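Below, each chain spelled out in residue letters.
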Amino acid sequence: MLDRLIGLVLIAAPITGQAAAWKQLSPATTVPVSSNQMTMAHDVRRGLTVLHGAPGDQTWDWDGTTWRLAASTGPDDSDFRCMVYDSQRSTLVMAAHPRGALGTPLMVWEWSAGAWTQRMLALTPPGRLHFSMAYDSSRGVTVLFGGDRGSERLADTWEYDGNTWVQRSSGGPRPRNGAAMAYDAAHQVVVLFGGYLASGAVGETWVWDGLVWREFFGIAEPAPRFGHSMVYASDGRDRVVLFGGLDIGGRALNDTWEWDGSLWTEPATAGTRPAGGLAWTAAYNSTHAQVQVLGEPAPGPGGPGENWVYSSIPAVTPTFIPFGAGCNGSGGVPQLTAVSGSLPALGQTLQMDLAPLSQSVFVVPFGLVGGSRTTYATVPLPLDMGVLGAPGCSLHVAINVVLPMTKTGSSATWSLPIPFNLALAGRELYQQGFVLDAAANPFGAVTSNGVTVNVGT
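All of these numbers come straight from a predicted model, not from anything done at the bench.

Procedures and definitions
For every chain, the first residue of the written sequence is number 1, and numbering continues from 1 onward in sequence order. Selection of residues for local features in this predicted model requires a pLDDT of at least 70, selection of side-chain atom pairs for listing and counting requires 80 or more, and totals for whole chains, interfaces and linings are taken over all residues. Calculation of side-chain values draws on the structure's entire complement of heavy atoms; hydrogens and water are dropped beforehand. Note on aromatic contacts: the rings of Phe and Tyr and the six-membered ring of Trp form a pair at centre separations within 6.5 Å, being stacked when their planes are under 30 degrees apart, edge-to-face when over 60 apart, and tilted otherwise. Helix and strand definitions here come from DSSP, where helices need a minimum of 4 consecutive H or I residues and strands a minimum of 2 consecutive E residues; each element is numbered from the N-terminal end. Residue exposure (1.4 Å probe, protein chains only): buried if accessible area is under 20% of the type maximum, exposed if over 50%, otherwise partly exposed. What makes a nonpolar core is a set of buried Ala, Val, Leu, Ile, Met, Phe, Trp, Tyr and Cys residues whose side-chain atoms join them at distances within 4.5 Å. Contacts are residue-level and defined by heavy atoms, with any inter-residue pair within 4.5 Å sufficient. Strand pairing follows a simple DSSP-based rule, namely that at least 2 bridges must link the two strands. Axis definition: a line fitted to C-alpha atoms, over the contacting stretch in the case of helices. Angles run 0 to 180 degrees between N-to-C directions. Here a polar contact is taken to be a pair of N or O atoms separated by no more than 3.5 Å, where protein atoms must pair a possible hydrogen donor with a possible acceptor and residues adjacent in sequence count only if both atoms sit in side chains. A pocket, in this scheme, is an open set of points on a 1 Å grid over the protein atoms alone with protein on both sides within 12 Å along at least 5 of 7 lines, while a cavity is a set where a 1.4 Å probe fits but cannot get out; residues line either one if an atom lies within 4 Å of a point. Grid points are joined across faces, edges and corners, and a volume is the space filled by probe spheres set on the points. Excluding any residue in a salt bridge, patches collect residues exceeding 30% relative accessible area, merging like charges within 9 Å and nonpolar Val, Leu, Ile, Met, Phe, Trp and Tyr side chains within 5 Å. Exposure was quantified through the Shrake-Rupley algorithm and a 1.4 Å probe, taking into account, for residues, occlusion by the shown protein chains and nothing else. Any Lys or Arg side-chain nitrogen found within 4 Å of a carboxyl oxygen on Asp or Glu counts as a salt bridge.

(A) Geometry of the packing of aromatic side chains. Under the criterion given, the structure shown has 13 aromatic pairs. Ring geometry for W22 against F243: centres 5.0 Å apart, planes inclined by 55°, an arrangement best described as tilted. With W22 in strand β1 (residues 18-25) and F243 in strand β21 (residues 239-243), the pair connects residues that are 221 residues apart, well separated along the chain. Note on accessibility: W22 and F243 belong to one class, buried. Both rings, one in F193 and one in W264, keep their centres 5.3 Å apart while their planes meet at 65°; by these two values the pair is edge-to-face. Placement of the pair is F193 in strand β15 (residues 189-193) and W264 in strand β23 (residues 264-265), with a sequence separation of 71 residues.

Structure follows, in structure tokens:
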């Protein structure tokens, strides 16, 4: 709810510098994980991240705060599945391999309007496990590469336009399984990294432009790995983000890398990060400008999954700056202040005090939140409330949102949780205390000073 409220009153503020951070989320409902059988993609049209492959073939929705069971059953149980979002058709496309049936073609399922539909196509890629997929939004096709059939590794490239699968190439990267792919929208190519060859894990970077594969030679790259995740983060820096996987010895990795179209860099990340390894799936949540990953911190399919988000965060200093003055009430002139040590930072709760107030139960405080301190509708601010019967009082902020305060004795407290949403960083809003106080003046209310809040990191 607060995300929407603050969204009403945001105004632009300059952004300086960049950092990166992982943050673990603690939703009330957790999704049971099922090893490496999960796949996840963000439904841009509905603003929801969709996960399929929880035990029992469940499908779940994530709205940025809460997991919701969207379907208790789904596509037939499979050995491996991979899902992408087809932005031209506003549909999630999933390719899956029927469990224990390596001789059969892949199944294609589509999730739209909250329901799964199996596409019965004349041709689909031959059955395989541990293949890679990405959606090329410039050409409107889902790209599938490689995988394995038992001990045989594959190197074929297929594309699906929503009606037909076409094999486009049998060359390019060496046969492999467990690679990761993502579509780099800034450069309009599909990026492939890593995978497992007959000789072991590799660290190779390839791009597919719809006609040919091209490898980048002589560049610094992440360590060889397989079973990792890659997504494209369209957060203004527009980079492919790689996370986790297993190294050449089968050990879990939890490092993070970014690809800018020509170079890999490992950003310094603040705080802790996910355990990583094989059993993690990822999607880019464009609604909240975050890379989202879900997985199990240790082996044990069916246990609760951990939810993490990764953001390239603008480095903004959080500030709480008072301005203007309050007016005299029956308990004194109320002042709106921040509790010592409390600042308006992403993922934190801004704690504020309003005091002094009369201890009368008939004195009721509220907090005003506005998007301007210069105009309210067409009225210039500050507005002198003396003409209303409140001498010395002024309205300092536009009244976009009114929130209750908790009054105890001669003071009131106001807690304002700030979501961990990249879109809020570097934004300003304005706040003021408003107190119903019939004994103070003919108008029956008094005001505090105003405050400029700059949401920081």
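This is not the end of the story, as more comes after the structure.
(B) Broad picture of the nonpolar core. Core analysis: the biggest nonpolar cluster contains 50 residues, and L51, W67 and W414 have the highest contact counts within it. Residues within four places of L51 in sequence aside, it is in contact with V31, M38, T39, M40, Q58, T59, W60, W67, T281 and L294.

(C) Inspection of the sheet that holds strand β5 (residues 67-71) at higher detail. Strand order in the open sheet formed by 4 strands is β2-β3-β4-β5, and the pairing between neighbours is antiparallel. What marks the edges here is a single partner per strand, and that holds for β2 (39-43) and β5. Strand-to-strand twist of the sheet, defined as the mean angle between neighbouring strand axes without regard to direction, takes the value 30°. In this structure, strand β3 (residues 48-54) lies alongside strand β4 (residues 58-62), joined through 5 bridges in antiparallel fashion. Looking across to β4, one finds that A54 is bridged to Q58.

(D) How the structure looks around the environment of D247. Topologically, D247 is positioned in the loop between β21 and β22 (256-259). A distance of 2.9 Å separates a polar side-chain atom of D247 from the backbone nitrogen of G249. One polar contact links the side chain of D247 to the main-chain amide nitrogen of R251, over a distance of 2.8 Å.

(E) Structural detail: the pairing of strand β18 (residues 205-208). Every second residue of β18 is oriented toward a common face, with T205 and V207 on one face and W206 and W208 on the other, all of them buried. Note that β15 and β18 share 4 bridges and pair antiparallel. Within β18, the position partnered with V191 by the bridge is V207. Relative to strand β19 (residues 213-215), β18 runs antiparallel, the two sharing 3 bridges. If you follow W206 over to β19, its bridge partner there is E215. Between β18 and β19, which pair antiparallel one after the other, the connecting turn spans 4 residues, and G210 there sits at a positive phi close to 100°.

(F) Just the sheet that holds strand β31 (residues 364-370), in detail. Here 5 strands make up an open sheet; going across it, the order is β28-β40-β39-β31-β36 and the pairing antiparallel. Edge positions in the sheet fall to β28 (319-323) and β36 (401-404), since each of these pairs with one other strand and no more. Along the sheet, successive strands turn relative to each other by an average axial angle of 25°, direction set aside.

(G) Structural detail: the layout of surface pockets. Within this model, the largest pocket holds a volume of roughly 1,100 Å³. Listed by contribution, the elements that provide at least two residues to the lining of the largest pocket are β2, β6 (78-86), β10 (132-136), β14 (180-184), β20 (229-233) and β25 (280-285). Residue contributions to the lining of the largest pocket peak at 6 residues, all from β6.

(H) Main features of a nonpolar patch on the surface. A grouping of V387, L388 and F443 is seen on the molecular surface, where their side chains present a nonpolar patch of about 300 Å² in accessible area. Within the secondary structure layout, L388 lies in the loop between β34 (383-384) and β35 (394-395). Given the relative accessible area of 47%, L388 is considered partly exposed.

(I) Focus on unusual backbone geometry. The omega torsion of the bond from A355 to P356 falls at 0°, within 30 degrees of zero and hence cis. Tracing the sequence through the fold places P356 in the loop between β30 (349-355) and β31. Note the cis peptide between L381 and P382, where omega equals 0°. At S90, a position not held by glycine, the phi torsion is positive, near 55°. S90 gets classed as partly exposed once you look at its relative accessible area, which sits at 22%. Even without glycine at this site, A377 takes up a positive phi of about 60°. Along the chain, the position of A377 falls in the loop between β32 (375-376) and β33 (379-380).

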